[in-house]
Number of protein chains: 4
Amino acid sequence: MVVVMQERATDEQIQSVIAQLVGMGFDVHRSTGSLRTVIGAVGPTTGDPRLVEMLDGVKEVLRITEPYKLASRTFRPENTVITIGDVRIGGDEVIVMAGPCSAESEEQVEASAAAVRRAGAKILRGGAYKPRSSPYSFQGLGEDGLRLLRGAADRHNLKLVSEVMDISQLETILRYADILQVGARNMQNFTLLRELGRTRKPVLLKRGISATIEEWLLSAEYILAGGNADVMLCERGIRTFESYTRNTLDISAIPVVQKLSHLPVLVDPSHGTGRRDKVAPMARAAVAAGADGLLIEVHCDPDHALSDGAQSLFPSQFDRLMAELRIIAPAIGRSICLEPVARRGWGT
Amino acid sequence: MVVVMQERATDEQIQSVIAQLVGMGFDVHRSTGSLRTVIGAVGPTTGDPRLVEMLDGVKEVLRITEPYKLASRTFRPENTVITIGDVRIGGDEVIVMAGPCSAESEEQVEASAAAVRRAGAKILRGGAYKPRSSPYSFQGLGEDGLRLLRGAADRHNLKLVSEVMDISQLETILRYADILQVGARNMQNFTLLRELGRTRKPVLLKRGISATIEEWLLSAEYILAGGNADVMLCERGIRTFESYTRNTLDISAIPVVQKLSHLPVLVDPSHGTGRRDKVAPMARAAVAAGADGLLIEVHCDPDHALSDGAQSLFPSQFDRLMAELRIIAPAIGRSICLEPVARRGWGT
Amino acid sequence: MVVVMQERATDEQIQSVIAQLVGMGFDVHRSTGSLRTVIGAVGPTTGDPRLVEMLDGVKEVLRITEPYKLASRTFRPENTVITIGDVRIGGDEVIVMAGPCSAESEEQVEASAAAVRRAGAKILRGGAYKPRSSPYSFQGLGEDGLRLLRGAADRHNLKLVSEVMDISQLETILRYADILQVGARNMQNFTLLRELGRTRKPVLLKRGISATIEEWLLSAEYILAGGNADVMLCERGIRTFESYTRNTLDISAIPVVQKLSHLPVLVDPSHGTGRRDKVAPMARAAVAAGADGLLIEVHCDPDHALSDGAQSLFPSQFDRLMAELRIIAPAIGRSICLEPVARRGWGT
Amino acid sequence: MVVVMQERATDEQIQSVIAQLVGMGFDVHRSTGSLRTVIGAVGPTTGDPRLVEMLDGVKEVLRITEPYKLASRTFRPENTVITIGDVRIGGDEVIVMAGPCSAESEEQVEASAAAVRRAGAKILRGGAYKPRSSPYSFQGLGEDGLRLLRGAADRHNLKLVSEVMDISQLETILRYADILQVGARNMQNFTLLRELGRTRKPVLLKRGISATIEEWLLSAEYILAGGNADVMLCERGIRTFESYTRNTLDISAIPVVQKLSHLPVLVDPSHGTGRRDKVAPMARAAVAAGADGLLIEVHCDPDHALSDGAQSLFPSQFDRLMAELRIIAPAIGRSICLEPVARRGWGT
């Protein structure tokens, strides 16, 4: 941390600040300017800057950020690329994960998986355990849902991402999913994060609705510190005063995270806007801004979805969006699923 | 929900909206005005207003709030008073819970408990499991900490409140604490809330850092719906653009919650401001605004606290604050610990 | 407005609400459901919903938005296209306005204008009167600055947009600029807006840093109501808790405004991010999301700019960005300056 | 500013940062730690930290705040007390300013003034020019309104505070009011602030709805820098995600401002909550937190007020609030109008 003394601070006050910093285990450097004294404190821990802030003569304490290390680009300058079979997340190709909010029935899962695969998605998304803000809403099919999702993913040559809400579900989900999703509300469920650090499956960590980018990277650090290096981040909207959209999708988080960290960053425009008619513009914006991938809700029959139908695309809308994205990606030197199934002539 | 049609909506569009609403299970009422048509939809479920919002001719869908029932004052007009031995939370007396952020050692717990009891606190607060945003920070003493806290509480005739972070800790904490605290980051950990609904100990539910009051009451609903009626709410600051204080303590939440709900509402000015010198003004403000209680960090030696020392009061500051609060409480017809230990002549 | 009564509201309470609404000049429609009564109130004015909210038995009052009329797409379904000479804003072409934050000297203005024209910008941006949050910062060259900007614009076949901060500056700026810019801090300077409604020059209205989209459109309404139909909107970032970027650029405002209003909507990624390295990603995102134009700070020597150098692009960065945008625009059926000067071989 | 270099920064990068800082006019101090180098830069100007932030090898630039000087407590350690006749703002007595939102008629102004005087207010508040977000709302009586307010103030031995929206109104308002109010939307209308710096009447500067405390003090600095030392600040709610109350009244701003600045700080709970039933709790909270005064809307007939009736107190509610405040003020060593007119039996 850096301590800025008041203009009229006495030497005694300055000495007392230095003593406090040394007591906290810092290396201390004093710079005496014509106007004021600035004291730099660097050390193995971050310490609590507020303890110094309250000492007499202190004008301000500036905190050096980034208590995260493993998630930082300083620690690892080159991009992390996460490999799951033939799918590479964080490489040249923009990866699209798509599918229904929740698994509801065999037909629904099958139809949705077929549709997203046809359009070029590489990964099937779908929930079996649903975090719902009301105790009276649909809570998911549980393990039956996972079984349906895995079956459809396998039939259509898709990988599977699904959300884990609690460590008690972890063992079950590990048997079915290729990527473990941590929802926004669990971004600071540290018990869960620590447990995910012990698994060896990739984790998709959504940004909390009011999490700063620094807090988000610190949560990634929990997983990385446990020994699991395959963490991808997913922006899904932050809470602001604007209420027209459910949340405000923070597109600028994409280039910011890419500067600070080596981890891949995806965007979920479905939760980020909460409205079907805003998903395509924001998906295009995310790819144009440089996102490594997208997470999109697509449902074979959104009007009768048990959850989030209003933000799910119809398959035909998703087809059209994928075509638009294929035009945009080359502007930043990337591609999107250049060889979708339909073009390979598999008899379909 | 209430559907407002556009001025130029056709009758066909109106019929189509009505059909959708009926299909969603609503009772529908149509009001045709000179300017526009308004359709009221009331039913057993809330439905997803966004499904209607996207239909042609719809200008706007207004959502009727309060999917919570048990937490609502409509459901229960009189105040809930939670009784723990001789302590009553939600009654005429403003209850003060105080103590260190974390249990650190026997001496520290004992000295802090003695100090807060002497000043008039009725409940000892203290953490054994700490949620820390960095994986490299002090994480608490675990069960050893709980044992120290329980011992000190018993010696000083205090009740004990302590935080539960995960269902795996629940059984242990239940053996020691009188009140189970749910931290801000866990306000929407629905698995945990559901489990707390099955216990029979009072729960103190902190407001999430970016939770609306409606979401907060919905989380209380999860606990109430499980059969546990003893829920108290605790405001502890929301995240805003202002960064001088760690969070912005939303004092207005006190009268708002008291109008909407029958549950007691407390305030935590320590976490709400994050700075020792702002704790007393905000504690006074909370009582003046009508809070049913306070949760305050007091440490026998804040400068050497292992966590949150910067926001912990010295015992002498806490004494003075309690004296100020005793002047304020009568302004709203309440009292604060009329017979503190010190005045009883310590033989008790 | 729509009034939702409590479940246990008495008939007397309902009658009293209806009487209040009629007294406020509303047409009233009552819907009695099995659970609760809903009262629709439609009328010539919007009224103050809070007056009803406080009546006994009222659960909630839902406000029908859009007190704006002229700015609404209901009022005018087709897009507004603003024509300035051969430049059309709001048509098929995405219009780029670029140039320095402030006019500083003849050389600087000339070099910047030449650079942006060469890359394909159609409109020169540049300030002569600067709103600065500190009274000790550079405040602009005033009319001298305007003269320099006009000269450079004319020499390079560019239109000119410049900010007006106060009605006292209006007459002067009207003599030089083609478009009058209203800054974010003045979005609710109603005296100024009303005066701009009386001019016959196009107005670029920036969104206030904490303005909702509804408030923004209401401010446009002030100008439209005065008889000036040529209003374009410009998103430039909103204030949120995230402090890594100066503001959070709300890209989703683009499709939202385009649904609600017929007015063109532009984006300013320079002020929206405050950092040069984030301008290009956000400019690409804006075009991908459907923006009608961009406002970008380009300076011939950003490191020595008197204001906002840190968010100004170097000319070479701007060239590259324009090339990227030309790839993206067709994805949504638009173009960006298909025939830039340099390609026409005008001897340059 | 303080520049924190990356752990692996080269000496060449460090030299290049130092050269840039020297070129910007700073005194530079280099601290080389075992982990990283920290460079302190102190100088007469603040400079734009972002210019340094983008240099190679820079991890982070920490800005030293407080470009305000005259408003700072460092500059003037003792409290500013503003004297208007026998009224002292910023002294031991908490000053209450009360009255209707707008002057509407002679009867309304007279009745409201009589009521607030009787209860103990010292200053009459009332608007003649109203900033309204919709161009179709009541815009105030103008100079006629000022005349009514002045007359009532004189008859009841009250001072008068009224809002100035634009420099064109300044001359007129100066003839009637004792205190010039700057509304939240004008907090960064720098042209107006500079003009107010040239007057010799006290100014009440409301905090902008999304202004940080630092920006608020910088706006005060504009007025102080012009030579007008009588500036009082007024918190009136900030915009947050919570929408139950119109704004979130930031009570913690009171102790924060009192630490940073010597200027008096008042609170407006009427605009800060927007709801009559929340005014009294928040007024009590403000006094308990240490506010130097209150600005409260009181109307003789709120249900028929032309503006803001929903947040105006009935005279009887105001009486009761004043009685509660008289109990609270002594808790922090202050008083509130100990001898109200009515009790003195002046025959009036």
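Below is a short write-up of the structure. This one's a predicted model, so the numbers in the text were calculated from it and none came from an experiment.

Focus: the overall build of chain A
Phase 1: The secondary structure content of chain A amounts to eleven helices and 14 strands.
Phase 2: With respect to the three principal axes, the spread of C-alpha positions in chain A is 80 × 45 × 40 Å.
Phase 3: Sorting the 348 residues of chain A into buried and exposed places 59% on the buried side.
Phase 4: Contacts in chain A between residues at least 24 apart in sequence constitute 65% of all its contacts with a sequence separation of at least 6.

Details of the packing of helix α3 (residues 106-119) of chain A against helix α4 (residues 143-155) of chain A
Residues and elements named next belong to chain A.
Phase 1: In the contact formed by α3 and α4, the axes pass within 9 Å of each other and the chain directions differ by 35 degrees. Here α3 and α4 pass one another in a crossing that is right-handed. Contacts between α3 and α4 pair Glu-106, Val-109, Glu-110 and Ala-113 from the former with Leu-148, Leu-149, Ala-152 and Ala-153 from the latter.
Phase 2: The residue inventory of the contact of α3 with α4, partitioned by class, reads six nonpolar, no polar and two charged.

Concerning the interface of chain A and chain C
Phase 1: Each partner contributes residues to the interface: chain A has 32 residues there, and chain C has 32 residues.
Phase 2: Elements supplying a minimum of two residues to the side of chain A that touches chain C: α8 (253-260), α10 (276-289) and α11 (315-328) of chain A.
Phase 3: Among the elements that line the side of chain A that touches chain C, the one with the most residues is α10 of chain A, at seven residues.
Phase 4: By residue class, the composition of the side of chain A that touches chain C is 19 nonpolar, eight polar and five charged.

Some details on helix α10 (residues 276-289) of chain B
All names here are of chain B.
Phase 1: Its 14 residues give α10 an end-to-end C-alpha distance of 21 Å, which sits within 8% of 20 Å, the value for a rise of 1.5 Å per residue.
Phase 2: Within α10, 13 of the 14 residues are buried, leaving the element largely enclosed by the surrounding structure.
Phase 3: Looking at the residues trailing α10, positive phi occurs at Gly-290, about 110 degrees.

Description of the sheet that holds strand β11 (residues 203-206) of chain B
Residues and elements named next belong to chain B.
Phase 1: Spatial ordering of the closed barrel is given by β7-β8-β9-β10-β11-β12-β13-β14, a layout of eight strands whose pairing is parallel. With direction set aside, neighbouring strand axes in the sheet form an average angle of 25 degrees.
Phase 2: Direction of pairing for strand β8 (residues 123-125) relative to strand β9 (residues 159-163): parallel, over a ladder of three bridges. Counted as the bridge partner of Leu-124 is Leu-160 from β9.
Phase 3: Helix α4 (residues 143-155) contacts β8 and β9 of the sheet and is inclined by roughly 160 degrees relative to β9.
Phase 4: Along the sheet face, helix α7 (residues 213-225) touches β11 and β12 (231-235) and points at about 155 degrees away from the line of β12.

Here we look at the relation of the copies chain D and chain B
Phase 1: Here chain D sits on chain B after a turn of 180 degrees about the axis and a move of 0.0 Å along it, with an RMSD of 0.1 Å. In symmetry terms, the pair is related by a two-fold rotation axis. Minimal C-alpha distance to the rotation axis in chain D is attained by Ala-285 of chain D, lying at 1.9 Å.
Phase 2: Most of the interface of chain D is mirrored in chain B, where 97% of its interface residues are also at the interface.

Overview of the interface of chain D and chain B
Phase 1: Each side of the interface is counted separately: chain D has 33 residues, and chain B has 32 residues.
Phase 2: Looking at the side of chain D that touches chain B, the elements that each hand over two or more residues are α8 (253-260), α10 (276-289) and α11 (315-328) of chain D.

Points about unusual backbone geometry
All names here are of chain B.
Phase 1: Even without being a glycine, Asn-157 presents a positive backbone phi close to 55 degrees.
Phase 2: The residue Asn-157 is located in the loop between α4 and β9 in this model.
Phase 3: Given 14 C-beta atoms within a 10 Å radius, Asn-157 is considered partly exposed.

So, the sheet that holds strand β9 (residues 159-163) of chain A
Phase 1: Strands sit in the order β7-β8-β9-β10-β11-β12-β13-β14 (chain A) around a closed barrel of eight strands; the barrel is parallel. Strand-to-strand twist in this sheet, taken as the mean axis angle between neighbours without regard to direction, amounts to 25 degrees.

What about the relation of the copies chain A and chain C?
What relates the two chain copies is a rotation about an axis together with a slide along it.
Phase 1: Between chain A and chain C, which share one sequence, the superposing operator has a rotation angle of 180 degrees and an axial displacement of 0.1 Å; the RMSD is 0.1 Å.
Phase 2: An overlap of 100% is found between the interface residues of chain A and their copies at the interface of chain C, pointing to a shared contact surface.

Regarding the environment of Thr-172 of chain B
All names here are of chain B.
Phase 1: Along the chain, Thr-172 falls in helix α5 (residues 167-176).
Phase 2: Note on Thr-172: 15 C-beta atoms within 10 Å, which makes it partly exposed.
Phase 3: Spatially, the C-alpha atoms of Thr-172 and Pro-67 are 33 Å apart, while their sequence positions differ by 105 residues.
Phase 4: Ignoring sequence-local partners within four residues, the contact set of Thr-172 consists of Glu-143 and Leu-146.

The rules behind the values
Counting restarts for each chain: residues are numbered from 1 in the order of the written sequence. To read the labels, note that chains go from A and ligands from 1, taken in the order they are written. In keeping with the predicted nature of the model, local features appear solely for residues at pLDDT of at least 70, side-chain atom pairs appear and are counted solely at 80 or more, and the whole-chain, interface and lining totals rest on all residues. Put simply, DSSP H or I for four residues or longer makes a helix, DSSP E for two residues or longer makes a strand, and each gets a number counted from the N terminus. Between the buried cut of 20 or more and the exposed cut of 12 or fewer other C-beta atoms within 10 Å of a residue's own C-beta lies the partly exposed class, and all C-beta atoms are placed from the backbone. We call two residues in contact when their backbone-placed C-beta atoms lie within 7 Å. Axis geometry follows a simple rule: fit a line to the C-alpha atoms, using only the stretch in contact for helices, then measure angles between N-to-C directions, giving values from 0 to 180 degrees. Note on convention: the crossing is left-handed when the near helix lies turned anticlockwise from the far helix by less than a right angle, right-handed when the turn is clockwise. Gly is put with the polar residues, along with every residue not named as nonpolar or charged; the nonpolar set is Ala, Val, Leu, Ile, Met, Phe, Trp, Tyr, Cys and Pro, and the charged set is Asp, Glu, Lys and Arg. Between the first and last residue of a helix there are one fewer steps than residues, each counted as 1.5 Å, and that sum is the expected span. Any two strands between which DSSP finds at least two bridges are classified as paired. When the copies are overlaid, the least-squares fit takes in C-alpha atoms only where the residue has pLDDT of at least 70 in both copies.

Interpretation in functional terms is not warranted from these geometric data alone.
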